[in-house]
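Breakdown of the fold
Spelled out, the chains give:
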Amino acid sequence: MRSAVPDWTPEAEQEFMGRVERLVAQEIGPRANEVGRSETFAWESFRALAREGVFATSFPVRYGGTEAPLRLRVRIIEAVARVCSAAASMVTGVDLSGRPIAFAAAPTLAATVMPKLASGELQSAFALTEPGAGSDVAGMSCTARPEGDAWVLNGVKRFISRATVADLFIVVARTEGTVGAKGLSAFLVDRDAAGLRVGPVQPKLGWIGIPIAEVFLDEVRVPADRMLGAEGEGFAIAQDTLVRARIGHAAMAVGRAQGAIDIAAQYAARRSTFGRRLGDHQGVQWMLAEMTTQVEAARCLVHRCAQRYDDADPQTPIYASMAKLHAADLGMRVTTDCLQLLGGNGYLQQMPLERFMRDAKLNQIGEGASEIHKTVIGRHVIRQAGSLAHPCLDLDGVDL
Ligand SMILES: Cc1cc2nc3c(=O)[nH]c(=O)nc-3n(C[C@H](O)[C@H](O)[C@H](O)COP(=O)(O)OP(=O)(O)OC[C@H]3O[C@@H](n4cnc5c(N)ncnc54)[C@H](O)[C@@H]3O)c2cc1C
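These notes cover the structure that comes with them.

What counts, and at which threshold
- Residues numbered from 1 in each chain as written.
- Predicted model: local features only at pLDDT ≥ 70, side-chain atom pairs only at ≥ 80, totals over all residues.
- Heavy atoms only, no water.
- Near = heavy atom within 4 Å.
- Polar contact = N/O pair within 3.5 Å; in protein donor to acceptor, adjacent residues only side chain to side chain.
- Areas by Shrake-Rupley, 256 points an atom, 1.4 Å probe, with all protein chains shown as cover.
- Helix = DSSP H or I, 4+ residues; strand = E, 2+ residues; numbered from the N terminus.
- Nonpolar A, V, L, I, M, F, W, Y, C, P; charged D, E, K, R; others polar.
- Domains from an automatic or database assignment.
- Patch = residues over 30% accessible without salt bridge, like charges linked within 9 Å, V, L, I, M, F, W, Y side chains within 5 Å.
- Salt bridge = Lys/Arg side-chain N within 4 Å of Asp/Glu carboxyl O.
- Axes fitted to C-alpha atoms, helices over the stretch in contact; angles between N-to-C directions.
- Parallel < 35°, antiparallel > 145°, perpendicular 65-115°, else oblique.
- Left-handed = near helix turned anticlockwise from the far one by under 90°.
- Contact = heavy atoms within 4.5 Å.

This paragraph deals with the site of the ligand. Not every one of the 16 residues close to the ligand is listed here, only the nearest: Phe126, Thr129, Ser135, Phe159 and Glu371. A distance of 2.7 Å separates an oxygen atom of the ligand from a polar side-chain atom of Glu371. In isolation the ligand offers 970 Å² of accessible surface; the protein chains occlude 63% of this area. Secondary-structure elements contributing two or more residues to the shell around the ligand are strand E3 (150–161) and helix H12 (370–385). Among the residues forming the shell around the ligand, the class breakdown is nine nonpolar, four polar and three charged. Both domain 2 (124–232) and domain 3 (235–383) contribute no fewer than three residues apiece to the shell around the ligand.

Take a look at the structure:
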């Protein structure tokens, strides 16, 4: 578990958040509805985030970054997700597909690539999922075979975000003849490597503005020094980066849910039914009260989890699962209920809430589906139970 380098003062964090809020209000927010209608990469949002130094906050200073603590990163992600999931997913995606290079690539390779990723000049994509291996990462069948001073990759990667615009791919593959998680290794592959092909954009429900596509690898030769970490470390590299990504997904779900409540509240303060403002009906007030309270509770969980990460707490992964599970499921409920508050208007594309609702679904699927996180958390609870001794419980006298 790597911690970030929290070399940021509270004043510096506040100042940076001010810049992010301005960016959200003046550029990302106003174009979010339009971004949400076209499955082309939202370059303007990407360039604006790059210009304001948002991507740099993921990476070490030695590679041109400004590495921010995760407690600040979750605030940034929330602020962006409050208006635009595509832009927020750029903030989490650049982190997910860049940090393995910063921390596991050979230093000369990292020094060449990282400053360009931090500035947004280059983009990398994280290619883990396969047609036969999504939740079950260890079941992956993409292969890596040693040949001279290179590895030769074969296989298909599926659902790869930003594949159509990425300059580089982090490809996780199984070294030939291995089984299970220990046989996985990670490689940095150039987009123009012979034998690598990106398929057409796959139209989808939400997160419009961040296209996904398949990546086909047919006898792709990757120089040996492009392996990230050592042979067999691919799963560990993926797990480490996925912990951050899960906390990021949770922050995104919280930010979007907050945005949905803000929109619904604004609407309820203007719209009238039965001779009163919608917001004056007690039933509506209770809905808003419950949603606001639940989102604030989820925010606390996410921020606490980010602080655990910054403190290098070894329990962070399990709390990341909890934060992701809770915030993603809550985000789906809240965006659905907020749309309900807008009635027929909520159902129109002219209004942003149908986009928020469609976007919320992916947080329950990506970076570990909710069911997977429940399984992980449930196993953890049962494992912990072995060392519990509740003072009110005496099982010795009970016939079990
Ligand atoms: C828009 C989008 C962007 C993505 N971006 C990327 C990317 O950039 N890089 C990348 O590598 N991947 C990416 N993914 C893939 C994503 O991470 C996977 O879709 C996700 O991990 C689920 O895998 P799967 O789709 O194969 O579902 P499966 O593993 O087939 O699971 C299907 C469903 O079954 C249930 N389920 C599965 N296993 C269990 C179990 N053990 N117990 C109970 N229920 C279970 C869950 O509800 C799950 O949603 C993206 C996906 C989407 C849709």
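With that settled, the discussion passes to a nonpolar patch on the surface. A contiguous nonpolar surface patch, about 430 Å² in accessible area, is contributed by Leu393, Leu395, Val398 and Leu400. Position of Val398 among the secondary structure elements: in the segment after H12.

Here we take up the packing of helix H4 (residues 85–96) against helix H7 (residues 234–270). At a minimum axis distance of 9 Å, the contact between H4 and H7 shows a crossing angle of 165°. On the basis of the axis angle, H4 is roughly antiparallel to H7. As for how H4 packs across H7, the hand of that crossing is right-handed. Mapping the contact onto sequence places Ser85, Ala88, Ser89, Thr92, Asp95 and Leu96 in H4 and Thr241, Leu242, Arg244, Ala245, Gly248, Met252 and Arg256 in H7. Residues belonging to the contact of H4 with H7 are distributed by class as follows: five nonpolar, five polar and three charged.

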